[in-house]
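Chains, contacts and geometry: an overview
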Amino acid sequence: MRKFLHYASIALLTAVSVIAARADIPAGYYNSLNGKKDAELKTAAFNVIRNFTSVSSYSNLPSYFRHTDVRPNTTYWWDMYSDMDVDIFIQFGTYMNREHSFPKSWWGSTNSTATNYKAYTDLNHLYPGEAKANQAKSNYPLGEVRTASKFDNGVTKVGAPMEGQGGGAAFVFEPDDEYKGDFARTYFYMVTCYQDYKWATSYMYMLQQNTYPTLNAWSTRMLLKWAAEDPVSDKERMRNEAVYSIQNNRNPFIDFPDLAEYIWGDKVGETFYVSSSDIPPAGKAILLAPVADTAVDFGQVAIGSTGKASLFVRSENFRNPITMIIFGGDKAMFDISTSAIPASLSNREDGYWLDISYKPTDIGTHESKLQLVADDLDSAPPVVTLRGECLEKPVLSACTALDPSDITSDEYSANWSTPDGEVVDYWIITRTRYVNGSQNTEEVLAEGSPWTITGFNESDYESYSVQSVRLGERSPMSNVVFVRHAGITGVELDDPLSVTGFAGMMRFDCARPQTNCRVYDITGRQVMHIGRIDRDMDVEMPLGIYFVITDQHGTPIKVTIR
């Protein structure tokens, strides 16, 4: 029985585009795959799909999901992780998450300036997912569950893997039979589109550090089996078209269901050919991207801010430049980096990236059109829709970081609370790991509290603080919470320590000398190191709140200097 969650109003219903009808694969799109096999075939597919128009931001992913992942003729997310019917206007975070089906921790960056950021917002592997299932799935590999000891909602199972699976992971995520082929083809896409990425060494459960075959043996066998037992569905085909209209790249393993067999399966060694009907005459001028009805959606942008996006433009055999014209509607609020692209640039294998900006000057929704005109086109020039919504700049209050829960040797759950009534796109956890006296700080994007933090076994202890994010604006930093492994604090009974704050100084009181004293401020930054402390030792400190740790006293002591 399906469970339902509705939004209080459906006034925004007109903003929704359900999954579109299937269109034909553009002629010439897969030309370079002809006559290839094995590793060469995989690399040819990589070169076709690796360049695409990235969505404008992580925050705006739900606005794109409304074009790719809504059940037809409803206002419910098409969720492959649960049987809940969740209204698409419910704020992400509480019930729904932006789910990376291919875990983001496997490759790394959430930094928008990093070279490996594109995968972070690639709709070909991002889906709306029910929050509890997403948290339970964590960054475990796909697999077949022997016992669903960790999670089972009737659609998503998490538990110990069947023998021969998991690649050393304690748990695996098993989707419903209805979607196993969907996830298999998603993973085929990811290890092809990003075969040049360096994978995180801690999460090599299904991967190899190479461009071919990239998947390891056990995962190849399982994914090929899943793909065969759950063939390509109309849902996948329609979603592929919807993503193509946004990103201008496709999942070739949906377009050609047997392609995976040529790269990893029973047809390895055989030469692959695209249908002859898809091969245009040699030398024919083709505009591969963007396609007609593409939309660049900037989502919601705060007044006074600028939304940025890049449109991928790629042609073959053009002799003349492509001219860009913005017209209609709110054209004054959109700008492009150039009005003409030389054929020498658009004909390159890497194509050309046209930068587009949205700088709204008033509150409300805005839309305009971008037309690409070229003498080489033998059909109507494609028109790209530019749209965005401008809102007041948000004012956010600090969150409150709470004590961690579910602490194990390898992971824990970070917890926090957000002031009531504040609308939040997502949260940023600033995580600091302390190892052998050194520290490493990273930012983790989270969909809601609690949020599972993995790799805890790599740290002696950790701290975290939290910020909320709305329209790119961050709240003030929360307080800092420290996390330690269970069972290693008993030494403090033998070597007690107390630290007292006074005006401009802190005083240490310990029965015996203690070593390697570290003092941290509330951001988790180490501000002082003292090799040895003795009883009644005073140290001058500026006003502030600090945390003190020694080799003999691992639990942080909070000290306030007034």
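The structure presented is a predicted model; accordingly, all values stated were derived computationally and were not measured.

Next up on the list: the overall build of the protein. On a plain count of helices and strands, the protein comes out with 10 helices and 31 strands. Taken against the 2.2 N^0.38 rule, which gives 24 Å for 562 residues, the C-alpha radius of gyration of the protein at 26 Å falls within 12% of a compact globule. Scored against the burial criterion, the 562 residues of the protein give a buried share of 54%. Contacts spanning at least 24 positions in sequence make up 68% of the contacts within the protein whose residues lie at least 6 apart. Split by element, the accessible area of the protein, about 23,600 Å² in all, is 50% carbon and sulfur.

This part takes up the sheet that holds strand β17 (residues 400-405). Ordered by their spatial adjacency, 3 strands build an open sheet running β17-β18-β21, and the pairing between neighbours is antiparallel. Both edges of this open sheet fall to β17 and β21 (451-454), since each of them pairs with a single strand only. Averaged over all neighbouring strand pairs, the angle between strand axes comes to 35°, with direction disregarded.

Another aspect to go through is empty space enclosed by the protein. Applying the stated criterion across every chain, the model contains 4 cavities of 30 Å³ or more. Forming the walls of the largest cavity are Met-80, Asn-124, Tyr-127, Asp-182, Thr-186, Lys-235, Glu-236, Arg-239, Asn-240, Val-243, Asn-251 and Ile-254. Of all the elements in the fold, those that place two or more residues in the lining of the largest cavity are α4 (180-193) and α6 (234-247). Counting residues per element, the lining of the largest cavity draws most heavily on α6, at 5 residues.

The subject of this paragraph is the nonpolar core. Residues Phe-188 and Leu-223 are the most contacted members of the largest nonpolar core, which totals 83 residues. Per-element tally for this core: the top contributor is α4, with 8 residues. With near-sequence residues (within four places) excluded, Phe-188 lies in contact with Leu-215, Leu-223, Leu-224, Ala-227, Phe-253, Ala-260 and Trp-264. Core analysis: the next-biggest nonpolar cluster, separate from the first, contains 27 residues, Leu-287, Leu-311, Ile-322 and Cys-390 among them.

A few words now on the pattern of salt bridges. The tally for this structure, following the rule as stated, stands at 31 salt bridges. Taking the shortest distance from any N to any O, the salt bridge between Lys-225 and Glu-144 comes out at 2.9 Å. With a gap of 81 residues between them, Lys-225 in helix α5 (residues 217-229) and Glu-144 in the loop between α3 (131-137) and β5 (145-152) connect regions that are remote in the sequence. Under the relative-accessibility criterion, Lys-225 is labelled partly exposed at 35%. Measuring nitrogen to oxygen at the nearest pair gives 3.3 Å for the salt bridge that ties Asp-551 to Arg-518. Residue Asp-551 is located in the loop between β30 (544-549) and β31 (557-561), and its partner Arg-518 is located in strand β27 (residues 514-521); the two are separated by 33 residues in the primary sequence.

A few words now on the sheet that holds strand β16 (residues 383-391). Strands sit in the order β9-β16-β15-β11-β13 across an open sheet of 5 strands; the sheet is mixed. Both edges of this open sheet fall to β9 (295-302) and β13 (340-341), since each of them pairs with a single strand only. Relative to β16, strand β15 (residues 364-373) is paired through 8 bridges, and the arrangement is antiparallel. Bridging from a neighbouring strand, Gln-371 pairs with Val-383 of β16.

Turning next to the confidence of the model for the protein. On average, residues of the protein carry a pLDDT of 88, and 92% of them reach 70 or more. Predicted confidence for residues 7-22 stays below pLDDT 50, and this span has 32 contacts to residues more than four positions away or in other chains. Considering only residues more than four positions removed or in separate chains, one finds that residues 487-493, a stretch of pLDDT under 50, has 7 contacts.

Moving on: α6. With 14 residues, α6 should reach 20 Å at 1.5 Å per residue; the first-to-last C-alpha distance of 20 Å fits that figure. Most of α6 sits out of view: 10 of its 14 residues are buried. All buried positions along α6 are accounted for by Lys-235, Glu-236, Arg-239, Asn-240, Glu-241, Ala-242, Val-243, Tyr-244, Ile-246 and Gln-247. Next to the buried residues of α6 lie α2 (61-68), β4 (126-130), α4, α7 (252-255), β8 (286-289) and β9. Just past α6, the residue Asn-248 takes up positive phi, approximately 65°.

Here the residue pair Tyr-212 and Pro-213 is connected by a cis peptide bond, since its omega of 5° sits within 30 degrees of zero. Inspection of the secondary structure puts Pro-213 in the loop between α4 and α5. Residue Pro-450 is reached from Ser-449 by a cis peptide bond, and omega for that bond is 0°. If you check the backbone angles, Asn-248 has positive phi at about 65° while not being a glycine. Relative to the helices and strands, Asn-248 is located in the loop between α6 and α7. By relative accessible area, which is 2% here, Asn-248 ends up buried. You will see that Asn-516, though not glycine, has its phi angle at about 55°, which is positive. Relative to the helices and strands, Asn-516 is located in strand β27.

Analysis parameters
Residue numbers run consecutively from 1 along every chain, following the written order of its sequence. Where totals are concerned, whole chains, interfaces and linings use all residues; where local detail is concerned, this predicted model gives features only for residues with pLDDT of at least 70, and gives and counts side-chain atom pairs only at 80 or more. Excluding hydrogens and water, the side-chain figures rest on all heavy atoms present in the structure. Here a strand is any run of E in DSSP of at least two residues, a helix any run of H or I of at least four, and the numbering for each starts at the N terminus. Restricting the calculation to C-alpha atoms gives the radius of gyration, and the globule rule supplies 2.2 Å times the number of residues raised to the power 0.38. Residue exposure (1.4 Å probe, protein chains only): buried if accessible area is under 20% of the type maximum, exposed if over 50%, otherwise partly exposed. Note on contacts: a residue pair is in contact if any heavy atoms of the two residues lie within 4.5 Å. To measure how exposed things are, a 1.4 Å probe is used in the Shrake-Rupley method; for residues, cover is taken only from the protein chains shown. If DSSP finds at least two bridges between two strands, the strands pair. For every element, the axis is a line fit to its C-alpha atoms; helices are fit only across the contacting stretch, and the angle between N-to-C directions ranges from 0 to 180 degrees. Cavities and pockets are defined on a 1 Å grid built over the protein atoms alone: a cavity is a set of grid points where a 1.4 Å probe fits but cannot escape, while a pocket is an open set with protein on both sides within 12 Å along at least five of seven lines, and lining residues are those with an atom within 4 Å of any such point. Grid points are joined across faces, edges and corners, and a volume is the space filled by probe spheres set on the points. Each nonpolar core is a collection of buried residues, namely Ala, Val, Leu, Ile, Met, Phe, Trp, Tyr and Cys, held together in the definition by side-chain atoms within 4.5 Å. Any Lys or Arg side-chain nitrogen located within 4 Å of an Asp or Glu carboxyl oxygen qualifies as a salt bridge. What pLDDT conveys is the predictor's confidence in a given residue, as a value from 0 to 100. By definition here, a helix of n residues has an expected span of 1.5 Å times n minus one.

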